[in-house]
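Topology and contacts: notes
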Amino acid sequence: MSTDHEDATLTISEMAKICHVSRQTLIYYDKNNIFKPVYTNKNGYRLYSIYQIPFLREICALKDKSLYLKDIATNLDNRNIETAMDLLILHQKNLDQQILALQEKKRSITERILYYQQAEIELSHIEQPYLKQFPKRNLLFQAWGCQEMTRKQMHISHMNLRNLAHDLDFEVDYGWGALLFDADIQANDPIRHAGAYVRLPDDFDMTRTFSDCQCVVAPAGTYVCMNVYAMPYDTSFLEKLYQWIRQQCYTVCGDLVNECILDTTFYTKERQTDFCQLQVPVLLPGEDARQKAGAE
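1. Comments concerning the overall build of the chain
Check the secondary structure of the chain and you find nine helices and 12 strands. In summary, the chain has a C-alpha radius of gyration of 32 Å against a globular reference of 19 Å for 296 residues, an excess of more than 25%. Taking the principal axes of the C-alpha coordinates as reference, the chain spans close to 100 × 50 × 40 Å. Looking at the 296 residues of the chain, the share that counts as buried comes to 39%. Within the chain, counting contacts between residues at least 6 apart in sequence, those at least 24 apart form 70% of the total. Accessible surface for the chain amounts to roughly 18100 Å². Of this, 52% is attributable to carbon and sulfur atoms. Charged side chains in the chain number 31 positive and 39 negative. The centres of these two groups are separated by 6 Å.

2. Looking at the environment of Ala143
Here Ala143 lies in strand S5 (residues 137–143). Note on Ala143: relative accessible area 42%, which makes it partly exposed. Through-space distance from the C-alpha of Ala143 to that of His193 is 6.2 Å; in sequence the pair is 50 residues apart. Contacts of Ala143, omitting those with residues within four sequence positions, involve His193, Ala194 and Gly195.

3. As for the packing of helix H1 (residues 12–19) against helix H2 (residues 23–31)
One way to put it is that H1 packs onto H2 with a least axis distance of 9 Å and a crossing angle of 110°. As judged from the angle between their axes, H1 and H2 are roughly perpendicular. Here Ile12, Ser13, Met15 and Ala16 of H1 come into contact with H2, specifically with Arg23, Leu26 and Ile27. Split by residue class, the contact of H1 with H2 holds five nonpolar, one polar and one charged.

4. With respect to the pattern of salt bridges
For the coordinates displayed, the defined rule picks out 11 salt bridges. Lys36 is the salt-bridge partner of Asp30, the closest N and O atoms lying 2.6 Å from each other. On the basis of relative accessibility, which here comes to 9%, the residue Asp30 falls in the buried class. By relative accessible area, Lys36 is classed as partly exposed at 41%. Between Glu111 and Arg107 there is a salt bridge, with its nearest N and O atoms 2.5 Å apart. Here Arg107 and Glu111 lie together in helix H5 (residues 81–122), a separation of four residues that amounts to about one turn. Given a relative accessible area of 31%, Glu111 falls into the partly exposed group. Classification of Arg107 as partly exposed rests on a relative accessible area of 36%. Connected through shared salt-bridge partners, Asp30, Lys36 and Arg46 make up one network.

Cut-off values and rules
- Here the residue numbering is sequential within each chain, running from 1 through the sequence in written order.
- Predicted model: local features are reported for residues with pLDDT of at least 70 only, side-chain atom pairs are reported and counted for 80 or more only, and whole-chain, interface and lining totals are derived from all residues.
- Neither water nor hydrogens contribute to the side-chain values; these are computed over all heavy atoms in the structure.
- Counting from the N terminus, the helices are the DSSP runs of H or I reaching at least four residues and the strands are the DSSP runs of E reaching at least two.
- Radius of gyration means the value over C-alpha atoms here, while the globule rule gives 2.2 Å times the residue count to the 0.38 power.
- Throughout this description, buried means an accessible area under 20% of the type-specific maximum (1.4 Å probe, protein chains only), exposed means over 50%, and partly exposed covers the range between.
- Any two residues whose heavy atoms approach within 4.5 Å at even a single point are treated as in contact.
- Here the accessible surface of atoms and residues is derived via Shrake-Rupley with a 1.4 Å probe, and residues count as covered only by protein chains that are part of the display.
- In this tally Asp and Glu are treated as negative and Lys and Arg as positive; neither His nor the chain ends contributes.
- Think of each charge as sitting on NZ of Lys, CZ of Arg, CG of Asp or CD of Glu.
- Throughout, an axis means a line fitted to C-alpha atoms (over the contacting stretch in the case of helices), and angles, computed between N-to-C directions, take values from 0 to 180 degrees.
- These descriptions rest on fixed angle ranges, namely under 35 degrees for roughly parallel, over 145 for roughly antiparallel, 65 to 115 for roughly perpendicular, and the rest for oblique.
- Classification used: nonpolar for Ala, Val, Leu, Ile, Met, Phe, Trp, Tyr, Cys and Pro, charged for Asp, Glu, Lys and Arg, polar for all others including Gly.
- The rule for a salt bridge is simple: a side-chain nitrogen of Lys or Arg has to be within 4 Å of a carboxyl oxygen of Asp or Glu.

Structure, rendered in structure tokens:
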């Protein structure tokens, strides 16, 4: 290239200053065939034409809209109104997908905030049984298959369920713990068939079958709840809870859900156990008779 017309050429520093980019950016663009100088002399000095200013300006404008540099460069090499619109329309569709993904992440974060707000409320009453209404909950359950549970076994079984949930394309941010069967509790052998669970989405196909776990429904209704500091497999609070249920003349009508509210990540030096909520489905006095009458 002839550099006789000095007023028609710009050094890399001049081009960078005019277009508000760094020299390093222009060097990167040159090395990656995004935007090259019209001439590089034997000493490596890059010179640009003033007629390149609109091209660099357009690159910067499109990059600010989060378009990929390679797509921008390709488009500028084959530029007309149609290709320019096609590039923007495609990017618009990609942005729509990103917006939907961000909205889903925001929804998930909002749900977790609400969950922690509720956890703060639950922390205000420890070992005090009370009534609470729950909707129907779908659970993915896996039996522990042992009588002597440890933290290691609990964490491994829980992660097995979380990994399966991930393979099924849903995440478990909260809603996990242990399921203890009422028949075993009444037989004074509460861990016999007990195991871990994670919460399934409300629209999950509960007819699906798996090799080593199963779908279980925790029915909607009234539950007696008691918040305790204990591991999900700890049964030391069961007698106190069930004694209170008998004193109120409630009728147990299902299996115990022991939901972990705050796990190991919330441990302190003073307290090294999970914060859990024991949930026992019950019928209130008179409900049992009314249900039988309705069935007849």
